[in-house]
Amino acid sequence: LLQGKLFDSTITDEGTWTLEDRKLIRIVLMKTNRDAGNCWTSLLENEYAADPWVQDQMQRKLTLERFQREATFLSRNCLTFSYLSQNPGFDFSGAEISGNYSKGGPDFSSLEK
């Protein structure tokens, strides 16, 4: 069915495939590196590339997921009660993103210190 090298590594034990309606094979692979900046541009190296619009949407989604994880971490570990009571939420689930989101968006790691 498919022949070639995957774009990047996957977790072998987490992969599954199912046969649906006796005509569709659905393959689910778990990427080893699931960071927002590691959005695959294709399934296989140099083959089955994502449409540019689809690639853009995937990067936006992964970046928002990263923001939500970081906001959750900050709210649990770093921010004071006073700040949290004045700024409740940190919920990016319904957010839209524009601007710098390719490669996982801006680097805020220096803010965690």
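Up top you'll find the structure we're talking about.
In this report, the structure presented in the accompanying data block is examined. (Residues numbered from 1 in each chain as written. Predicted model: local features only at pLDDT ≥ 70, side-chain atom pairs only at ≥ 80, totals over all residues. Heavy atoms only, no water.)

To continue, consider a nonpolar patch on the surface. A cluster of nonpolar residues, L2, W17, L19, I25, I27, L29 and Y48, forms a patch on the protein surface that exposes about 740 Å² of accessible area. For the nonpolar patch, the secondary structure elements donating two or more residues are β1 (16–20) and β2 (24–28). Looking at I27, the relative accessible area reads 48%, which means it is partly exposed. (Patch = residues over 30% accessible without salt bridge, like charges linked within 9 Å, V, L, I, M, F, W, Y side chains within 5 Å. Areas by Shrake-Rupley, 256 points an atom, 1.4 Å probe, with all protein chains shown as cover. Salt bridge = Lys/Arg side-chain N within 4 Å of Asp/Glu carboxyl O. Helix = DSSP H or I, 4+ residues; strand = E, 2+ residues; numbered from the N terminus. Buried < 20%, exposed > 50% of the residue type's maximum accessible area, 1.4 Å probe, protein only.)

Counted as a void, the largest pocket has a volume near 670 Å³. Forming the boundary of the largest pocket are 23 residues, of which I27, L29, K31, W40 and L43 lie nearest the centre. Broken down by element, the lining of the largest pocket gets its largest block of residues, four residues, from helix α1 (residues 52–77). Grouping the amino acids of the lining of the largest pocket by side-chain chemistry returns 15 nonpolar, four polar and four charged. (1 Å grid on protein atoms, 1.4 Å probe; cavity = no way out; pocket = protein on both sides within 12 Å on 5 of 7 lines; lining within 4 Å. Points joined across faces, edges and corners; volume = space filled by probe spheres on them. Nonpolar A, V, L, I, M, F, W, Y, C, P; charged D, E, K, R; others polar.)

Moving on, we get to unusual backbone geometry. Unusually for a residue other than glycine, N46 sits at a positive phi of about 65°. Along the chain, N46 falls in the loop between β3 (42–44) and β4 (47–49). A relative accessible area of 80% means that N46 is categorised as exposed. A positive phi angle is found at Y48, which is not glycine, with a value near 60°.

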